[in-house]
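# Summary of the model geometry
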Amino acid sequence: MTAWSELPLDGDSLPAYVSLTGVRVRAWQGTPDITVDEAKQVTLLDKAPWDAIDAANHWVETDLTELLSGGSKSGVQTNGTIVSIRSDCGIIQRCPECRRVLREGSCADHGAMQGNKDLRLRMVLDDGASSASLLLNKEASEKYLGKDMEKVTDQIDNFGQETFVQELRSTLLGQRVTVRCRCLIDDQGAMLLCDEFEVDSTAPGERSQAVRARWGVLS
Ligand SMILES: [Zn+2]
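Here's what I pulled together on the structure shown here. (Residues numbered from 1 in each chain as written. Predicted model: local features only at pLDDT ≥ 70, side-chain atom pairs only at ≥ 80, totals over all residues. Heavy atoms only, no water.)

## Topic: the coordination of the zinc ion
What counts is decided by this rule: Think of the donor list as every N, O and S atom within 2.8 Å of the metal, or within 3.2 Å for Na, K and Ca; water never makes the list, so a site can look incomplete. Each label reflects the angles at the metal, where four donors whose angles all fall between 85 and 135 degrees are tetrahedral, four or six donors whose opposite pairs open beyond 155 degrees and whose other angles stay between 65 and 115 are square planar or octahedral respectively, and the rest are irregular. Only protein chains enter the calculation, and the probe is 1.4 Å; a residue is then buried if its accessible area is under 20% of its type maximum, exposed if over 50%, and partly exposed in between.
Looking at the zinc ion, the protein donor atoms are Cys-95 (SG), Cys-98 (SG), Cys-107 (SG) and His-110 (ND1), and they sit 2.1 to 2.3 Å from it. Around the zinc ion, the 4 donor atoms are arranged such that angles at the metal cover 105 to 114°; this shape is classified as tetrahedral. Linear spacing of the donor residues for the zinc ion on their chain is C-x2-C-x8-C-x2-H. For His-110, a relative accessible area of 34% corresponds to the partly exposed category.

## Quick word on the side chain of Thr-78
Stated precisely, the cut-off is as follows: Under the scheme used here, helices are H or I runs from DSSP no shorter than 4 residues and strands are E runs no shorter than 2 residues, and both carry numbers assigned from the N terminus. The definition of a polar contact used here is a pair of N or O atoms within 3.5 Å, where within protein one atom must be able to donate a hydrogen and the other to accept one, and adjacent residues in sequence count solely through side-chain atom pairs. By definition in these notes, contact holds between two residues if any of their heavy atoms fall within 4.5 Å.
Counting through the fold element by element, Thr-78 comes out in strand S7 (residues 73-85). A polar contact is formed between the side chain of Thr-78 and the backbone nitrogen of Leu-64, at a distance of 3.2 Å. Not counting residues within four places of it along the chain, the set of residues in contact with Thr-78 comprises Thr-62, Asp-63, Leu-64, Leu-67, Leu-125, Val-177, Thr-178, Val-179 and Leu-192.

## As for unusual backbone geometry
Backbone geometry at Arg-99 places phi at a positive 70°, although glycine is not the residue there. Positionally, Arg-99 belongs in the loop between strand S8 (90-94) and strand S9 (106-107). You can call Arg-99 exposed: its relative accessible area is 53%. With phi around 45°, Glu-104 is a residue other than glycine that occupies positive phi space. Considering the arrangement of structural elements, one finds Glu-104 in the loop between S8 and S9.

## Here we look at the state of the cysteines
Where two cysteines share a covalent bond between their sulfur atoms, that bond is called a disulfide. Rules: We call a pair of cysteine sulfur atoms a disulfide when they lie within 2.5 Å.
On inspection of all chains with the given rule, the structure shows 0 disulfides. Here Cys-181 is not cross-linked by a disulfide; its sulfur's nearest cysteine counterpart is in Cys-194, at 5.6 Å. By relative accessible area, Cys-194 is classed as buried at 2%.

## Concerning a nonpolar patch on the surface
The cut-off we apply is this: Here, patches come from residues exposed beyond 30% relative accessible area and free of salt bridges, joined within 9 Å for like charges and within 5 Å for nonpolar side chains (Val, Leu, Ile, Met, Phe, Trp, Tyr). Here, Shrake-Rupley sampling with a 1.4 Å probe gives the accessible areas, and only protein chains in the shown set may cover a residue. In what follows, salt bridge is the name for a side-chain nitrogen of Lys or Arg lying within 4 Å of a carboxyl oxygen of Asp or Glu.
There is a patch of nonpolar side chains on the surface, built from Leu-9, Leu-14, Val-18 and Leu-44 and spanning about 310 Å² of accessible area. Its place among the elements puts Leu-9 in the loop between strand S1 (2-3) and strand S2 (17-20). On the accessibility criterion, Leu-9 (33% relative accessible area) is partly exposed.

## What to know about the packing of helix H3 (residues 149-159) against helix H4 (residues 161-172)
Note the following rule: Axis geometry follows a simple rule: fit a line to the C-alpha atoms, using only the stretch in contact for helices, then measure angles between N-to-C directions, giving values from 0 to 180 degrees. Any residue outside Ala, Val, Leu, Ile, Met, Phe, Trp, Tyr, Cys, Pro, Asp, Glu, Lys and Arg is labelled polar, Gly included; the first ten of those are nonpolar and the last four are charged.
One way to put it is that H3 packs onto H4 with a least axis distance of 6 Å and a crossing angle of 115°. Residues Val-152, Gln-155, Ile-156 and Phe-159 of H3 form the contact with H4, whose own contacting residues are Gln-161, Thr-163, Phe-164 and Glu-167. Here the contact of H3 with H4 is built from residues that sort into 4 nonpolar, 3 polar and 1 charged.

## Some details on the sheet that holds strand S3 (residues 24-28)
Test applied: Two strands pair under a simple rule: DSSP has to find at least two bridges between them.
Sheet architecture is open: 3 strands sit in the order S1-S4-S3, paired in mixed fashion. Of all the strands in the sheet, just S1 and S3 have a single pairing partner and so form its edges. Sheet topology places S3 next to strand S4 (residues 31-36); 5 bridges connect them, and they run antiparallel. Bridging across to S4, Arg-24 finds its partner in Thr-35.

Right, dumping it as structure tokens:
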């Protein structure tokens, strides 16, 4: 939050809870950016107007299509079906200067480089109406695969990248998943940066029962 006028706040009064009215809100890479022009837009509150929040486990459940029709957001949970697994999943080398992925040992900006090894999985998530790119970084990939980057490296060295991707495809394509992520939206489209990735293991019978119950269809 940026204030262009002095507010009735100082280091001794922190933490302070405030109510804001008529302020300007923009977003930068999913993080809201608030601008206060005048002190009268800020009202100090006696106490927090919400219950305790656990930031490590606070995800707002949002329908994928609804999520993609808005701006970038952090801390969202959404569902969909995996409809594509990119063939460049697995181990990559990143430029140590700019973290861009090296192509044949070379960065578009920095030329030939000794890369830093990284692991990532790239997929496409679809809810039947909208789709978004899904990216699992090293931590999320290791958690999903149940093995660390060194084990994945061994696997790819021994059996090849294609086999690794093929295995992912046969396990994940067509599966319903729940993702907890940060959603970035720009003119390139939508990208979901996953913190947690969970395959829905509900049996098809149970799932269809839930759908029938939801729509009031008698079986
Ligand atoms: Zn570079």
